[in-house]
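Structural features, examined
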Amino acid sequence: MASGFPDPRADGVLRVPATNAERVEVRFAPVLARDTFDPADWRHEELSAHPDVSDWYELDIDDLDLEDGRYEYEFLVYRDEDDPDVAADPFAEEITRFQGHRGTFRIRDGEEFRPPFDWSDELPEGADLPRNDELVIYELPVRWSAPAEGHKRDVPDGDFQDLLSERLDYLADLGVNAVELLPIQDAAVSLDWGYGTRFFLAPDLDFGGPVDARFLIKECHRRGIRVFMDIVMNHSRECPLETLAPDRFYLDPEEEPDRPDWGGRRFDFEASADGYHPAREFLVGMAEFWIREYRVDGFRLDEFKGMDHPAFVQEFHDRIREVQGDAFPDRPFLVVAEDSWNRTRIVHDDEDNPDGRQVVDSMWNFGYREESRRLVRDGIDIEPEEPSRSDRIEALVSGDRTWDDLERDFRGGFDDLSKAVNYTTSHDMGEAGEQRLMNFLFGDLVADRGLGDGSIENVRYLLDDLVTDDGVRIDAHEEAVDRVRGAFAVLLTSVGIPMFLAGEEFGDVHDLDYTDWKLKMEDPVRWPRRDYPGHAELEASVSDLIYLRTSTGSLQRNEVDLFHTHPTIDDPDGERVFAYCRTGGEELGSEGQVVVVANLGSNGFDAYDLPWYWGDAEAVEERGGPIRGEGGDLSVGTEEEGATLSLPPFQVRVFLT
């Protein structure tokens, strides 16, 4: 760590910050001594003031002549002689939980001992992890990985072991090559998604220990799956630093009242009185630790907008990029920001950024989520003097512009696909229109066709009790499943890094109210729905499209050509047929291109004619084919420039040339 912020755990030395302290002690005992648990009777040792940095204290545990074993410990900060503040170690790499949370250390042969971990078989010989332009990201709360069978309590209580044994081979078979884990650092609340970190260097006790986390990451890498950590740097919740040195690391609760704290304490990114940045150093050191010790492949930065400090985020990006490059020079890496204001300038050199430089590598593309959902429900409405519907479709699939629905105009876009993480559904749902795709599409069809009100309860009943009943067929359900497939077809062939939430690939639905922030986190994936009629076919189609995305060079480049739109597509009541090609930088008609033909309107076509540049039908292969109907053969005219195919309402078809 940088000067002015001593390494908190180096060479057997415990170091901890504590402000306004008369003295600081540590008390500790063997973990195996729980049969006589009484912290007041534990061995106490006083820490010495750090010789160079004020308000830091240290103790060399290698000098304590301790017997071999694992010890739990906590600090006593005496600000009042008779009533010390008790705090765990904010830099603990492994924690224990028994009448409170504490850090642990191990002693072997009289010295601190960190158990080794063997990474030697992390990657098969000659194998590389996927590049940023090859990625398909699967967003997963670890708690949602619990077994599908025999899981009677119906609560999200999965852990690293469940993810490893129940889900990892499934993800590999599905074809995804990156997993974005919602926060896995120890958090203060159980059963939620972990966006209130308590111990920033320790895996959550409910998931497993450090060895479990390392083994999971190694097994991901062995399968060619990169691991992204979702991390919270805006705030902490019940972090020991809040007791030890709140005035050094955190904003005063009365300051910046409009900056969200999400039930925690907001970090202060400005310099302290002696000129250094404690919170910045702590958070950069945290990221460096997870890179070096756990070999993570990138970070998703939560609440970029709330942090409201691009200069720090830029510094964070630059420094951890350097660390990762030194530690693993041949491996790709990515720092992704969640900016709900969708300011695309943060991924470019721009005069409005600090020093005019790029702030992060990539960003969640909120605009894609909103515009793609309009597209798949024929909800792109235009007014006179506004950009046309075809312009907006082209912008969506190319990423060169993003649509601002409030301003009713285009904003900046992306000059490389790796700078945009596109998604149609993520964990970040809370408002109407942000729900799972199957609820979004099936719910509408149910309401429109008089089958119910399209509510969460209504959709769940129709899906679980009717659709799965032998002999019962609901056409609206079959159409909805195919429309979910169509949304994936557009997502996986648009320019950008595609990402989707666990369960979307087979059309899972909500069981609890997604607009309630507590309930949505307690509503895990219902894995048995994979086997519902139509849902297994949906998963197979999505998997085929994922393999297309990860294996096709033209989808790993930026070029796209919207080569056909129906003549009336820009009319209010016109047809909604369009076709685009991911060209790979070659002329239309070249081998290895991906052609997408979409009808995202309510009128179907038994035989739709469109321009065609790729020879006869045998020269192309349909991928991720339709679920509704037979899909219909593609026929190519004798003059090569024309083709005919069937296009039911709201159907998307994908071809590899």
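This section reports on the structure supplied with the text. (Residues numbered from 1 in each chain as written. Predicted model: local features only at pLDDT ≥ 70, side-chain atom pairs only at ≥ 80, totals over all residues. Heavy atoms only, no water.)

Right, let's talk about the overall build of the chain for a bit. Broken down by element type, the chain carries 14 helices and 33 strands. Relative to a compact globule of 657 residues, whose C-alpha radius of gyration would be 26 Å, the chain shows 27 Å and is just as compact. Taking the principal axes of the C-alpha coordinates as reference, the chain spans close to 90 × 60 × 50 Å. For the chain, the share of sequence-separated contacts (at least 6 apart) that also reach a separation of at least 24 residues comes to 71%. In the structure as shown, the chain presents an accessible area of about 26000 Å², 42% of it carried by carbon and sulfur atoms. Positive and negative side-chain charges of the chain, numbering 68 and 150 respectively, have mean locations separated by a distance of 2 Å. (Helix = DSSP H or I, 4+ residues; strand = E, 2+ residues; numbered from the N terminus. Rg over C-alpha atoms; globule rule 2.2 N^0.38 Å. Contact = heavy atoms within 4.5 Å. Areas by Shrake-Rupley, 256 points an atom, 1.4 Å probe, with all protein chains shown as cover. Lys, Arg positive; Asp, Glu negative; His and termini not counted. Charge placed at Lys NZ, Arg CZ, Asp CG, Glu CD.)

Moving on to the sheet that holds strand β29 (residues 605-611). Pairing within the open sheet is antiparallel, and its 3 strands lie in the order β29-β32-β31. The strands lining the two open edges of the sheet, one partner per strand, are β29 and β31 (635-636). Strand direction decides the pairing type here: β29 and strand β32 (residues 642-647), joined by 5 bridges, are antiparallel. Looking at β32, one finds that Tyr608 is bridged to Leu645. (Pairing = 2+ DSSP bridges.)

This brings us to helix α9 (residues 389-398). For α9, a buried count of 8 out of 10 residues is recorded, marking the element as mostly surrounded by other parts of the structure. Next to the buried residues of α9 lie α8 (366-376), β22 (401-404), β23 (409-412), α12 (475-493), β26 (561-565) and β27 (577-582). At the C-terminal side of α9, Gly399 shows a positive phi close to 75 degrees. (Buried < 20%, exposed > 50% of the residue type's maximum accessible area, 1.4 Å probe, protein only.)

Let us look at α8. For α8, the buried fraction is high: 10 of the 11 residues fall into the buried class. Within α8, burial applies to Phe366, Gly367, Tyr368, Arg369, Glu371, Ser372, Arg373, Arg374, Leu375 and Val376. Taken from the residues just after α8, Asp378 is the one with a positive phi, measuring 50 degrees.

Glancing now at the sheet that holds strand β1 (residues 9-10). As summarised here, the arrangement of the 4 strands in space is β1-β2-β6-β5, forming an open sheet in which the pairing is antiparallel. The outermost strands of the open sheet, each flanked by one partner alone, are β1 and β5 (48-49).

What follows deals with the packing of aromatic side chains. Applying the stated criterion to the full structure yields 42 aromatic pairs. Consider the rings of Tyr138 and Phe500, whose centres lie 5.3 Å apart with planes at 85 degrees: the pair is edge-to-face. With a gap of 362 residues between them, Tyr138 in strand β12 (residues 137-140) and Phe500 in strand β25 (residues 497-501) connect regions that are remote in the sequence. Judged by relative accessible area, which is 1%, Tyr138 ranks as buried. Between Phe289 and Trp290, the ring centres sit 6.0 Å apart and the planes meet at 90 degrees, which makes this aromatic pair edge-to-face. Taking the relative accessible area as the measure of exposure, Trp290 reaches 0% and is therefore buried. Put simply, the rings of Phe5, Trp56, Phe91, Phe200, Phe249, Tyr250, Phe267 and Phe282 touch in pairs and so form one group of aromatic residues. (Phe/Tyr/Trp six-rings, centres within 6.5 Å; stacked < 30°, edge-to-face > 60°.)

So, on to the nonpolar core. When a protein is soluble and globular, its nonpolar side chains tend to lie buried together. Counting residues in hydrophobic clusters, the biggest one holds 135 residues, and the most contacted among them are Tyr138 and Phe299. With near-sequence residues (within four places) excluded, Tyr138 lies in contact with Tyr170, Leu171, Leu174, Val176, Ala178, Val179, Glu180, Phe500, Ala502, Gly503, Glu505 and Trp527. Among the nonpolar cores identified, the runner-up in size contains 26 residues, and Leu14, Ala87, Ala92 and Ala202 belong to it. (Core = buried A, V, L, I, M, F, W, Y, C linked by side-chain atoms within 4.5 Å.)

Per the stated rule, a full pass over the model turns up 66 salt bridges. Across the salt bridge formed by Arg374 and Glu371, the nearest N and O atoms sit 2.6 Å from each other. Of this pair, Arg374 and Glu371 both sit in helix α8, 3 residues apart, roughly one helical turn. You'll find Arg374 and Glu371 in the same group, each marked buried. Counted as one network, the salt bridges with shared partners bring together Asp121, Asp169, Lys218, Glu219, Arg222 and Arg223. (Salt bridge = Lys/Arg side-chain N within 4 Å of Asp/Glu carboxyl O.)

With that settled, the discussion passes to the side chain of Ser145. Within the element layout of this structure, Ser145 appears in the loop between β12 and α1 (160-174). Not counting residues up to four positions away in its chain, the partners in contact with Ser145 are Gly158, Asp159, Asp162, Leu163, Glu166 and Arg167.

Another aspect to go through is the environment of Asp409. Mapped onto the secondary structure, Asp409 falls in strand β23. Separated by 331 residues in the primary sequence, Asp409 and Tyr78 place their C-alpha atoms 59 Å from one another. With sequence-adjacent residues up to four places away left out, Asp409 is seen in contact with Pro387, Thr402, Trp403 and Asp404.

When two helices pack together, their arrangement is captured by the angle between the axes and the distance separating the axes. α12 packs onto helix α10 (residues 437-448) with a crossing angle of 140 degrees between their chain directions and a minimal axis gap of 9 Å. Put simply, α10 runs oblique to α12. For the pair α10 and α12, the sense of crossing is right-handed. Residue-level inspection shows Leu437, Met438, Leu441, Phe442 and Leu445 of α10 in contact with α12, the latter providing Ala476, His477, Glu479, Ala480, Val481, Arg483, Val484 and Ala487. Considered class by class, the residues forming the contact of α10 with α12 number 10 nonpolar, 1 polar and 2 charged. (Axes fitted to C-alpha atoms, helices over the stretch in contact; angles between N-to-C directions. Parallel < 35°, antiparallel > 145°, perpendicular 65-115°, else oblique. Left-handed = near helix turned anticlockwise from the far one by under 90°. Nonpolar A, V, L, I, M, F, W, Y, C, P; charged D, E, K, R; others polar.)

A positive phi angle, near 55 degrees, is found at Asn20, a position not held by glycine. Within the element layout of this structure, Asn20 appears in the loop between β2 (13-17) and β3 (23-30). Phi angles above zero are rare outside glycine, and Trp262 is one such case at about 50 degrees. Mapped onto the elements, Trp262 comes out in the loop between α4 (246-249) and β18 (265-266).

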